[in-house]
Amino acid sequence: MAESTKSATLTFDGKSIDLPMMSPTAGPDVIDIRKLYAQGNVFTYDPGFTSTAATDSAITFIDGDKGELLYRGYPIEQLADKSHFLEVCYLLLYGELPTAVEMVDFEARVTKHTMVHEQMHYFFRGFRRDSHPMATLVGVVGAMSAFYHDSLDISDQWQREVAAIRMIAKLPTIAAMAYKYSVGQPFVYPRNGLDYASNFLHMCFAVPCEDYQVSPTLAKALDRIMMLHADHEQNASTSTVRLAGSSGANPFACIAAGIACLWGPAHGGANQACLEMLREIGSLDRIPEFIARAKDKNDPFRLMGFGHRVYRNFDPRAKVMKESADEVLDLMGIHNNPLLQIAKELEKIALEDPYFIEKKLYPNVDFYSGIILEAMGFPTSMFTPIFALSRTVGWISQWKEMITDPNQKIGRPRQLYIGKTTRNYVDVADRVK
Ligand code: SDX
């Protein structure tokens with residue numbers, strides 16, 4: 001916990017309350033209001049947490065004005081260029097980049113846990129074939145707590161560690177199974193000789209009738225996408241995982257809650273919504289119509305993949321993703337991809353439009369990811385499951401940080417009550433409309 005360096009004075013109703021302030025290693029100072037209710041009998045009010053730090057954390061830092069994203073202090077651009085997803089997993093989980101020996105050991109531990117309990121296959125039979133894979137993912141990941149009883153005790157460090165490794169290892173397997181089930185193909189088992197991203201591609205696209213050779217370039221592009229999605233400070237789904245974990249719920253249940261939250265189109269579901277939007281726009285000449293709709297206060301339409309609660313500048317992940325899109329499409333021999341052309345023109349027009357400039361709306365991580373994933377052969381319904389399997393390490397790292405915090409308490413926000421004050425029960429015979 002950061003030390004208190006100075007204080008702020010809150011004066012109201014003839015009272016003055018001194019509140020300690022704490023300084024971070026990076027970012028804004030915070031005013032510690034933990035004693036405010038006891039001392040001043042008032043709550044603060046911040047429904048969307050726009051000005052509220054819900055925790056301290058040493059995992060990920062975002063500077064929204066600069067468009068900077070650090071995982072344990074390392075800029076995302078350097079990691080995307082030099083690292084790989086499992087190394088980023090190690091970094092997020094343990095706080096430091098692994099030595100060569102540590103990396104080999106970590107990769108071996110993850111590889112050993114990539115299979116799921118054989119009986120879990122039956123869960124999928126209960127879903128309709130046309131179920132959204134996110135529905136299946138929420139259900140099957142939550143059900144992991146019905147199988148892995150030896151890693152449910154959150155007070156046991158070894159069990160926490162096993163649960164973390166199991167989820168990082170098994171989420172791709174479960175996501176691939178959800179995809180295979182949706183297309184009516186048999187499940188493909190993980191292969192220990194493949195790296196993380198290659199294994200996922202193999203489990204999704206291999207069929208029993210022939211060998212499937214994973215493209216190393218596609219695997220590298222997917223691995224980069226996974227790194228870009230691995231963690232992102234206290235976003236909605238991470239906050240969901242932390243809140244669920246604060247009650248002592250088992251880690252599998254907490255991650256299932258995070259998956260459910262990520263599904264929303266305002267959050268991780270935006271990658272699917274963005275590609276569907278680009279498809280609906282359909283041609284360059286319709287872009288002005290959609291820009292106008294996005295600016296129209298009476299129209300609920302928003303540009304999917306645009307805007308962010310924290311970034312008031314380019315999302316650094318979107319920049320890397322945009323470069324990757326060109327690379328992957330070229331590799332796939334897809335030139336002049338109409339959706340990419342529309343996305344680039346939409347970005348150009350929006351960034352020159354006073355509405356977007358004034359509100360500081362830029363493309364976010366979801367703007368280009370769908371174009372790459374579709375070029376790789378994934379249906380739009382798999383975009384958010386891929387976000388979820390990538391973010392699992394971030395959720396787990398944040399959950400571990402919360403669970404091992406000696407000051408950790410159950411999360412229990414208060415409210416500004418605007419309902420009826422006390423009134424007496426009225427018998428139905430005496431009720432008049
Ligand atoms: C992710 O938090 C994270 O870190 C999330 C994430 C992660 O890695 O975990 O980065 C992943 O969720 C990225 C965001 C994906 N969502 C979308 O692309 C959906 C479209 N974007 C918006 O719905 C919106 O920008 C949000 C939800 C992302 C952010 O919403 P905020 O911070 O609550 O901002 P707001 O809704 O208050 O908008 C501020 C203004 C509003 O106008 P006014 O009411 O002030 O006049 O900007 C406008 C909004 O109408 N606005 C948009 C817009 N986004 C905001 N107008 C048009 N199109 C948009 N996309």
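Remember, it's a predicted structure, so these values are computed and weren't measured experimentally.

## Regarding the overall build of the chain
Item 1. If you tally the helices and strands in the chain, you get 18 helices and six strands.
Item 2. Relative to its length of 433 residues, the chain is compact, with a C-alpha radius of gyration of 24 Å against a globular reference of 22 Å.
Item 3. Expressed as a percentage of the 433 residues in the chain, the buried residues total 49%.
Item 4. A separation of at least 24 residues holds for 68% of the contacts in the chain among residues at least 6 apart in sequence.
Item 5. For the chain, the accessible surface area stands at approximately 21,700 Å², while carbon and sulfur atoms represent 53% of it.
Item 6. Taken as two groups, the 44 positive and 51 negative side-chain charges of the chain have centres that lie 6 Å from each other.

## Things to note about the pattern of salt bridges
If charged atoms from side chains of opposite charge come close, those side chains can pair.
Item 1. The final tally for this structure, using the stated rule, is 19 salt bridges.
Item 2. Here K322 makes a salt bridge to E347, at a shortest N to O gap of 3.1 Å. On the criterion of sequence distance, the pair formed by K322 in helix α14 (residues 316-331) and E347 in helix α15 (residues 338-352) is long-range, its members being 25 residues apart.
Item 3. K322 gets classed as partly exposed once you look at its relative accessible area, which sits at 26%.

## Things to note about the site of the ligand
Item 1. The environment of the ligand is made up of 24 residues, and the closest members are H232, H308, R309, R317 and R391.
Item 2. Between the ligand and K297 there is a distance of 3.2 Å, counted from an oxygen atom to a side-chain nitrogen or oxygen.
Item 3. Residue H308 places a side-chain N or O atom 2.6 Å away from an oxygen atom belonging to the ligand.
Item 4. Across the complex, the protein chains shield 78% of the 1,100 Å² of accessible surface that the ligand would expose by itself.
Item 5. Each residue belonging to the shell around the ligand can be placed in one class, and the counts come to ten nonpolar, seven polar and seven charged.

## Digging into the nonpolar core
Item 1. Core analysis: the biggest nonpolar cluster contains 118 residues, and F200, L303, M376 and F378 have the highest contact counts within it.
Item 2. Excluding residues that lie within four positions of it along the chain, M376 makes contacts with F205, L218, A221, L222, I225 and V328.

## Focus: the sheet that holds strand β5 (residues 68-71)
Item 1. With antiparallel pairing, the three strands of this open sheet are ordered in space as β4-β5-β6. Taken across any chain shown, the strands that pair with only one partner, and hence form the sheet edges, are β4 (60-63) and β6 (74-75).
Item 2. By the bridge criterion, two bridges tie β5 to β6 in an arrangement that is antiparallel. The residue bridging L70 from the neighbouring strand is P75, located in β6.

## A word on the environment of N336
Item 1. Here N336 shows up in the loop between α14 and α15.
Item 2. Judged by relative accessible area, which is 64%, N336 ranks as exposed.
Item 3. On a C-alpha basis, the gap between N336 and W263 in space is 30 Å, while along the polypeptide they are 73 residues apart.

## Some remarks on the pairing of strand β2 (residues 15-22)
Item 1. Both strand β1 (residues 4-12) and β2 contribute to a ladder of eight bridges, which runs antiparallel. Paired with F12 across the strands is K15, a residue of β2.
Item 2. In this sheet, strand β3 (residues 30-31) lies alongside β2 in antiparallel orientation, the contact comprising two bridges. Residue M22 lies in a different strand from β3, and its bridge partner there is V30.

## Looking at the state of the cysteines
Think of a disulfide as a covalent bridge from one cysteine sulfur atom to another cysteine sulfur atom.
Item 1. Going through the model one piece at a time under the given rule, you end up with zero disulfides.
Item 2. Not engaged in a disulfide, the cysteine C204 finds its nearest cysteine sulfur in C209; these two sulfurs lie 16 Å apart.
Item 3. No disulfide involves C261; its sulfur sits 13 Å from that of C254, the nearest cysteine.

## Focus on the packing of helix α12 (residues 270-281) against helix α17 (residues 366-376)
Item 1. Where α12 meets α17, the closest approach of the two axes is 8 Å, and the angle between their N-to-C directions is 80°. The orientation of α12 relative to α17 falls into the category roughly perpendicular. Along its contact with α12, which presents A270, N271, C274, L275, L278 and R279, the element α17 presents D366, F367, S369, G370, I371 and E374.
Item 2. Its residues assigned to classes, the contact of α12 with α17 comprises six nonpolar, three polar and three charged.

## Considering unusual backbone geometry
Item 1. Even without being glycine, E233 reaches a positive phi, approximately 60°.
Item 2. Turning to its location among the elements, E233 is positioned in the loop between α9 (216-229) and α10 (236-246).
Item 3. The backbone of N336 shows a phi angle near 55°, a positive value even though the residue is not glycine.

## Examining a nonpolar patch on the surface
Item 1. Nonpolar side chains collect at one region of the surface, where Y45, L416 and I418 lie side by side and expose about 420 Å² of accessible area between them.
Item 2. Residue position: L416 is located in the segment after α18 (383-403).
Item 3. For L416, a relative accessible area of 55% gives the class exposed.

## Overview of the sheet that holds β1
Across a sheet, strands are paired by hydrogen bonds formed along the backbone, either parallel or antiparallel in direction.
Item 1. The sheet built from three strands is open, its strands ordered β1-β2-β3 with antiparallel pairing. The outermost strands of the open sheet, each flanked by one partner alone, are β1 and β3.

Calculation rules
- Residues numbered from 1 in each chain as written.
- Predicted model: local features only at pLDDT ≥ 70, side-chain atom pairs only at ≥ 80, totals over all residues.
- Heavy atoms only, no water.
- Helix = DSSP H or I, 4+ residues; strand = E, 2+ residues; numbered from the N terminus.
- Rg over C-alpha atoms; globule rule 2.2 N^0.38 Å.
- Buried < 20%, exposed > 50% of the residue type's maximum accessible area, 1.4 Å probe, protein only.
- Contact = heavy atoms within 4.5 Å.
- Areas by Shrake-Rupley, 256 points an atom, 1.4 Å probe, with all protein chains shown as cover.
- Lys, Arg positive; Asp, Glu negative; His and termini not counted.
- Charge placed at Lys NZ, Arg CZ, Asp CG, Glu CD.
- Salt bridge = Lys/Arg side-chain N within 4 Å of Asp/Glu carboxyl O.
- Near = heavy atom within 4 Å.
- Polar contact = N/O pair within 3.5 Å; in protein donor to acceptor, adjacent residues only side chain to side chain.
- Nonpolar A, V, L, I, M, F, W, Y, C, P; charged D, E, K, R; others polar.
- Core = buried A, V, L, I, M, F, W, Y, C linked by side-chain atoms within 4.5 Å.
- Pairing = 2+ DSSP bridges.
- Disulfide = S-S within 2.5 Å.
- Axes fitted to C-alpha atoms, helices over the stretch in contact; angles between N-to-C directions.
- Parallel < 35°, antiparallel > 145°, perpendicular 65-115°, else oblique.
- Patch = residues over 30% accessible without salt bridge, like charges linked within 9 Å, V, L, I, M, F, W, Y side chains within 5 Å.

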